[in-house]
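Understanding the architecture of this molecule
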There are 2 protein chains.
Amino acid sequence: MRTQYSTRPREQVSAILKREQRYLSAAEIHGLLRKSRQNVSLSTVYRTLDLLAGKGEASARVDAGGETTYVVCDQTHHHHAVCRKCGKVQDVSCEAIESVASALRTHHGFKLADHEMQFFGTCGACK
Amino acid sequence: MRTQYSTRPREQVSAILKREQRYLSAAEIHGLLRKSRQNVSLSTVYRTLDLLAGKGEASARVDAGGETTYVVCDQTHHHHAVCRKCGKVQDVSCEAIESVASALRTHHGFKLADHEMQFFGTCGACK
DNA sequence: CTTAATTTGCGAATCATTCGCAGAATCATT
DNA sequence: AATGATTCTGCGAATGATTCGCAAATTAAG
Ligand SMILES: [Mn+2]
Ligand SMILES: [Mn+2]
Ligand SMILES: [Zn+2]
Ligand SMILES: [Zn+2]
């Protein structure tokens, strides 16, 4: 295992993610690809999503139904505000965490190493 | 469906959760019960966990391996700081969110309806 | 063009969780 | 305490998402 091949199926999966800009499951991506007659196997969709998530180019989230969904994303640390109507995902920076981190340390003796945050609501366009 | 029966198996599952105070999967709870010769079926463990989560007496979280885990919890809105060494879960209040909410509204036109937060690190006892 | 390495697609296998249902337990009423 | 209606339990089978195994197809180099 030296390099990583650049292949058609992988680019097709990536293209869908870049285009949609919202959390999609493997099955949804597979469905969208079929609609545009791009036949990529579901296995390959799964494998590509794992790859993208591993490289930090996609961010994963388990939805309410237990399915893992992915959205195209850049590596910088940030969080997401997801619109419950249209699914639009907006990046949110996280300065707020600094105060929480110090509070955790002083009040609970807890050394914060990592955190996760997600926001849900209605985006400007959907109001 | 009128009332809810109070049964032995349910109390055994609840007792484990109260005792352990950390996120446990259905399988783990089932295993702990068997060790103490309390034979509750895995199905019943699942059903009881759903019940507790529904009543807000337990809080659920999908762990890294994709398993749903539960911890005993009270209804008040708060978040959790999970120790990566011992699994201890500490409650964390969330004032910090207010500033994030207003930032979302003014900067992104996003109306915040709900949010999730989780913290990971090392608890005081484990340092 | 050849060849070695990687990727794909397919179906089978996994694994957590859910269902269906018959028998057991619980609760309210006599 | 016995009855009957309602709710639970345990079991094994079904489900559904994800992963695996492997032969055939693609890709990157020389
Ligand atoms: Mn992002
Ligand atoms: Mn709690
Ligand atoms: Zn929207
Ligand atoms: Zn600890």
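See the structure above.
What comes next is a walk through the structure.

Cut-offs used in this document
Residues numbered from 1 in each chain as written. Chains lettered and ligands numbered in written order. Predicted model: local features only at pLDDT ≥ 70, side-chain atom pairs only at ≥ 80, totals over all residues. Heavy atoms only, no water. Contact = heavy atoms within 4.5 Å. Buried area = accessible area lost by both parts, 1.4 Å probe. Salt bridge = Lys/Arg side-chain N within 4 Å of Asp/Glu carboxyl O. Helix = DSSP H or I, 4+ residues; strand = E, 2+ residues; numbered from the N terminus. Axes fitted to C-alpha atoms, helices over the stretch in contact; angles between N-to-C directions. Parallel < 35°, antiparallel > 145°, perpendicular 65-115°, else oblique. Left-handed = near helix turned anticlockwise from the far one by under 90°. Nonpolar A, V, L, I, M, F, W, Y, C, P; charged D, E, K, R; others polar. Buried < 20%, exposed > 50% of the residue type's maximum accessible area, 1.4 Å probe, protein only. Pairing = 2+ DSSP bridges.

1. Digging into the interface of chain A and chain B
Often the size quoted for an interface is simply the accessible area lost on bringing the parts together. If you look at the interface, chain A gives 31 residues, while chain B gives 31 residues. Together, the buried faces of chain A and chain B total about 2500 Å²; carbon and sulfur atoms form 61% of this surface. For the interface between chain A and chain B, the tally reads two salt bridges. One salt bridge connects Asp114(B) with Arg84(A), and the closest N-O pair in it is separated by 3.8 Å. Looking at the side of chain A that touches chain B, the elements that each hand over two or more residues are β4 (79–83), β5 (89–92), α4 (97–108) and β6 (111–122) of chain A. The biggest single contributor to the side of chain A that touches chain B is β6(A), with twelve residues.

2. A few points about the packing of helix α1 (residues 8–20) of chain B against helix α3 (residues 42–55) of chain B
Residues and elements named next belong to chain B. Put simply, α1 and α3 touch, their axes get as near as 10 Å, and they point 70° apart. Judged by the angle between their axes, α1 and α3 are roughly perpendicular. In terms of crossing hand, the pair formed by α1 and α3 is right-handed. In this structure, α1 contributes Pro-9, Arg-10, Val-13, Ser-14 and Leu-17 to the contact, and α3 contributes Thr-44, Val-45, Thr-48, Leu-49, Leu-51 and Leu-52. Class assignment of the residues belonging to the contact of α1 with α3 gives a composition of seven nonpolar, three polar and one charged.

3. Remarks on the pairing of strand β4 (residues 79–83) of chain B
All names here are of chain B. β4 sits mainly inside the fold: five of its five residues count as buried. Alternating positions in β4 separate into two faces, His-79, Ala-81 and Cys-83 on one and His-80 and Val-82 on the other, with burial throughout. Two elements, β4 and strand β5 (residues 89–92), share four bridges in a ladder whose sense is antiparallel. Pairing of Ala-81 across the sheet is with Gln-90, part of β5. Between β4 and β5, which follow one another and run antiparallel, lie five residues, and Gly-87 among them has a positive phi close to 85°. Both β4 and strand β6 (residues 111–122) contribute to a ladder of four bridges, which runs parallel. Directly across from Ala-81, in β6, lies its bridge partner Phe-119.

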